[in-house]
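Chain by chain, the residues:
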Amino acid sequence: MSTHIGAKPGEIAERILLPGDPLRAKYIANTFLEGSVCYNEVRGMFGYTGRYKGVPVSVQGTGMGVPSISIYVHELLADYGVKTLIRVGTCGAIRPEVRVRDVILAMSASTTSAPNRLRFGHVQYAPTANFDLLRTAHEIAREKGTSIHVGSVMTTDLFYADGTADLERWAKFGMLAVEMESAELFTLAAQFGARALSILTVSDHVLTGEETSAEERERSFREMVEIALETAIR
Ligand code: ADE
């Protein structure tokens, strides 16, 4: 096992979905994967491997925020040789054309978080999704008729922001939404020569205060997971 993941070598597939919530990992494994087996229960951060349409796929909870996803994704890349990583998460919209329940494919992720300052000093690194995954996910979403946006997001460390001035400035510069993990996922994937993408459902509109109902969240979550699984195996 690695420091935080209790799997033996070979128990984690090369293709992996990454929800923040470990109970969502369990739900995805039980609902979408055939023959899924739990490989991790350490700290309740569940991880499963099964098959989707015959192809081995894993799903691992990452927790919330950059430090948490950094630990899990680093170990998946360094210790288990994972190659294709797709975050399936939620985000808060900050532009008017983005509605709750829409799906966002994050092409790039700016960040308020510290790791890239530690890695690069004064240089401002641009965490970017893998183009092939992005193109494939876009094709699949269009085929399914999903309301989709492609663009940049902000990976923030503060869920409870103090006022909206920062959010309005980020929106003015084209960012579609705020979330809390993608910049670190894209950076680590680049470091280890792997492919990463973030697919995000809009759970709330930060500037209008609109929120999705539990039923709406469930439906857009299913759509997002189907897009992610089809992308992972294509
Ligand atoms: N994820 C979902 N909604 C969010 C928000 N408003 N801020 C940061 N991350 C989020």
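Parameters at a glance
- Residues take numbers from 1 onward in each chain, read along the sequence in its written order.
- The predicted nature of this model means local features are confined to residues of pLDDT at least 70 and side-chain atom pairs, given and counted, to a pLDDT of 80 or more, with totals for whole chains, interfaces and linings taken over all residues.
- Each side-chain value is derived from all of the structure's non-hydrogen atoms; neither hydrogens nor water enter the calculation.
- Near residues are defined by distance, with any heavy atom within 4 Å of the molecule or strand qualifying the residue.
- Any N or O atom pair separated by 3.5 Å or less is treated as a polar contact, with the protein-specific requirement of one donor-capable and one acceptor-capable atom, and with residues adjacent in sequence counted only for side-chain atom pairs.
- All accessibility values rest on the Shrake-Rupley procedure with a 1.4 Å probe; residue burial counts only the protein chains present in the view.
- Counting from the N terminus, the helices are the DSSP runs of H or I reaching at least four residues and the strands are the DSSP runs of E reaching at least two.
- Relative accessibility decides the category of a residue: with a 1.4 Å probe and only protein chains considered, values under 20% of the type maximum give buried, values over 50% give exposed, and everything between is partly exposed.
- Counted as positive: Lys and Arg. Counted as negative: Asp and Glu, with His and the chain ends omitted from the count.
- In the sections that follow, a salt bridge refers to a side-chain nitrogen of Lys or Arg positioned within 4 Å of a carboxyl oxygen of Asp or Glu.
- The contact criterion used is simple: two residues touch if any of their non-hydrogen atoms lie within 4.5 Å.

### Side note on the site of the ligand
Okay, so step 1: Neighbouring residues of the ligand: Thr 90, Cys 91, Gly 92, Phe 159, Val 178, Glu 179, Met 180, Ser 203, Asp 204 and Val 206.
Okay, so step 2: Interatomic distance of 3.4 Å between a backbone N/O atom of Gly 92 and a nitrogen atom of the ligand.
Okay, so step 3: Asp 204 has a polar side-chain atom sitting 2.8 Å from a nitrogen atom of the ligand.
Okay, so step 4: Notes on the ligand: free accessible area 260 Å², of which the protein chains cover 90%.
Okay, so step 5: Within the residue set of the shell around the ligand, elements represented by two or more residues are strand 5 (84-93), strand 8 (177-179) and strand 9 (195-205).

### A look at the environment of Ala 114
Okay, so step 1: Within the secondary structure, Ala 114 sits in the loop between strand 6 (103-111) and helix 3 (115-120).
Okay, so step 2: Put simply, Ala 114 and Asp 157 are 43 residues apart on the chain and 9.0 Å apart in space, counted from C-alpha to C-alpha.

### A few points about the side chain of Glu 75
Okay, so step 1: Within the secondary structure, Glu 75 is located in helix 2 (residues 66-80).
Okay, so step 2: Nearest to the buried, unbridged Glu 75 among oppositely charged side chains is Arg 43, at 8.8 Å.
Okay, so step 3: If we ignore the near neighbours within four places in the chain, the residues touching Glu 75 are Ser 2, Thr 3, His 4, Ile 5 and Tyr 80.

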